[in-house]
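Topology and contacts: notes
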Amino acid sequence: MNVELLNPFGQNFPENVVATLEDAALCLRYSPTGRFIAAGRYDGFISVWDTETKGIIRTMEGHVKGIVSVSWSRNSKYILTASKDWNCIIWDLQLGERKQTIRFDTPLLGASFHPRNSKIILVTLASQQCFLCDLRKKRNGRVELSDAPTANGTTHDAESKTTVKGTITVARFSSDGKTVWVGTNTGALLIFKTRTKELISREKLINNYSIKHMEFDRAGNYLVLNSTERIVRAYSIDPDPEGKPILTLLHKLQDPIQRSPWMGVSFSGDGEYVLAGSGNIASHGLYIWDRTTGDLEKILEGPKEPLTDLHWHPIKPHIASLAQSGLIHLWGRHVTENYSAFAPGFEELDENIEYEEREDEFDIPDEEEEQRRRQMVEEEEVDVDTVDPPEEKIGKGRLVSVLAAPGQGDEEDAWADEDPDDDTEFDWFPPVIMEDDGDEED
C-alpha cells in the first residue's frame, strides 16, 4: 500500500491484532525502514520476517543458547545478535550467514550497532559491565565504560565521588551516535563520549531502583526510561553551552490501578507517543500515552498470555509485540486510502449513479495542438548530472535521519566515519537465496 494515500488526519496508533507470526522468539526488532522484523529465538536461531508478505526471508543458525537482543545496521544489511552463550554475532543478510563472532567471558544482556558504522558495537554483559567494541582494523579493541577509579586513582569524571563498577544494567547509543548512555541498578544515568570514552555526565534519576529499559526517539530529542519502580519516565534532551545533555522530566507514566511492571518501552515513529508493555502475567496489554500531554490515549488488549517484548514501527502506526509463547503479534488498524490526494476530481460513491458525459468529452483532439504540445515537452532541458539525495521525512512518508552525511559532520562524526562499512545503499533489500535440494535422480 502506498503510504502517501494514508489520511494525514487519522489516528496514529493501532487498534487491534491484524496478524500473528508463528515463531519461538525471545526478542524482536523492526528494521530501520520497517520492512522487516528480526526475531531472536529460544534455540539460538534468528528469523527475519517480511512485514508485507508475513513470510520468513532468512533463517540463520549460530548461537547455541537463546538470543536476548537483536540490532539492525542503518540500512538493514547487517544484524547484530547477543546471546546467553557468551557470543555476539554480526550477520550478513546478503549472504545469509555470519560475518563475525565476538566472544566474551559471561552471558550477554544486549548489544547494538553504532548508528553510523556497523564496525562499532556496544555490548552489555550479565556481569553488569559495558564494553564499546571497535572492530575497525586500525582501532581494533574493547574499552570498558565505567566511572570507577582508573589506574592512577582518579575517576573519568572529576565530580564523581563514588565507584559504581559492576552495576550497569542497560546501555544505548544516542540517536546520532556521539554519546553512550548507560543505566545502572542504583538509578544513575551515565553519559560517555563515544570517541574519547570520557564520562561527561552522571545523574541520579531514580532513587534505589534499577533502570531496565532505555529508548530514544528517532530525532534524539526525547528519552524514555523504565525501571523496577514500575514507572515509565519521559525526558526531553537539550544541550547546554558546554555540550552536555540536559534532561528535563516531562511525565511519570504508570498504571495507577494494577501497578503492573513494564516489560519494554518504545517511541512511535514520529516521537509523539510513548509505548509500554504491561508485565501482568494474565494479560497482554499495551499502553499508549501522548508524549506532549502525558495523557493515556489507548490500552490495547491482546491474547491472554504475558508480553515479553515490543517495538513500534518506524513509519506506520503499527506495533510488534512478543508473547511468552514466542508468537509475534502485529498490531494495526483499518486504513482508508485517500485517493483524492493525487486526483482532486476523484469521488467515492456509495451507490451507482447514471453518468452524464460532457459535450466535448469524446471529441477528436486537434492534431496540430497535440503536435505542438509534444514538441514543447521534447524541447525541455533535463538535468541528468545532478543527483539529489533521497528526501527523508518522518511519519507518513519516508524516514528522517539525524545523521550528517559523510564529510559534513563534526569531529565525532569524522571519527565514526573512519574505515566505514559497506552498508551504504538506502532501503537495502536482501537478494533471494535459492536452497539447494540436491541432485534429482533420473
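Only a predicted model underlies this, so the values are computations on that prediction, with no experimental measurement involved. (Residues numbered from 1 in each chain as written. Predicted model: local features only at pLDDT ≥ 70, side-chain atom pairs only at ≥ 80, totals over all residues. Heavy atoms only, no water.)

Quick notes on the sheet that holds strand β22 (residues 262-267)
Rules: For two strands to pair, DSSP has to find at least two bridges joining them. Numbered from the N terminus, helices here are DSSP runs of H or I no shorter than four residues, and strands are runs of E no shorter than two. In this description, a line fitted to the C-alpha atoms serves as the axis of each element, helices being fitted only across the stretch in contact, and the angle between N-to-C directions of two axes falls anywhere from 0 to 180 degrees.
With respect to topology, four strands assemble into an open sheet ordered β22-β23-β24-β25, the strand pairing being antiparallel. With partners counted over all chains shown, the strands left at the sheet margins are β22 and β25 (296-301), one partner each. The mean angle between the axes of side-by-side strands here comes to 20°, regardless of whether they run parallel or antiparallel.

Side note on the pairing of strand β18 (residues 211-216)
Pairing of β18 with strand β19 (residues 222-227), which is carried by five bridges, proceeds in the antiparallel orientation. Within β19, the position partnered with E215 by the bridge is V224. Hairpin connection from β18 to β19: five residues lie between these consecutive antiparallel strands, with G220 at a positive phi of about 80°.

Topic: the pairing of strand β21 (residues 245-253)
Sheet topology note: the strand β20 (residues 232-239)/β21 ladder contains eight bridges and is antiparallel. Within β21, the position partnered with V232 by the bridge is L253. Following β20, the chain reverses through five residues before pairing antiparallel with β21; G243 in that reversal takes a positive phi of roughly 90°.

A closer look at the environment of A25
Let me state the cut-off plainly: Think of it in three bands: residues with accessible area under 20% of the maximum for their type are buried, residues over 50% are exposed, and the middle band is partly exposed, with areas taken using a 1.4 Å probe on protein chains only. Note on contacts: a residue pair is in contact if any heavy atoms of the two residues lie within 4.5 Å.
Mapped onto the secondary structure, A25 falls in strand β2 (residues 25-30). Given the relative accessible area of 1%, A25 is considered buried. Linking A25 and T308, residues 283 residues apart in sequence, is a C-alpha distance of 9.7 Å. Non-local contacts of A25, meaning those with residues more than four positions away in its chain, are made with A39, G40, R41, Y42, L322, G326 and I328.

Some details on the side chain of H251
Filter applied, for reference: Side-chain atoms alone can form a polar contact between residues adjacent in sequence; in general such a contact is a pair of N or O atoms within 3.5 Å, and within protein one must be able to donate a hydrogen while the other accepts it.
Turning to its location among the elements, H251 is positioned in strand β21. The class of H251 is buried, set by a relative accessible area of 17%. A polar contact of 3.5 Å, which involves the side chain of H251, links it to the backbone nitrogen of G294. Aside from chain neighbours lying at most four places away, what touches H251 is V232, R233, A234, R291, T292, T293 and G294.

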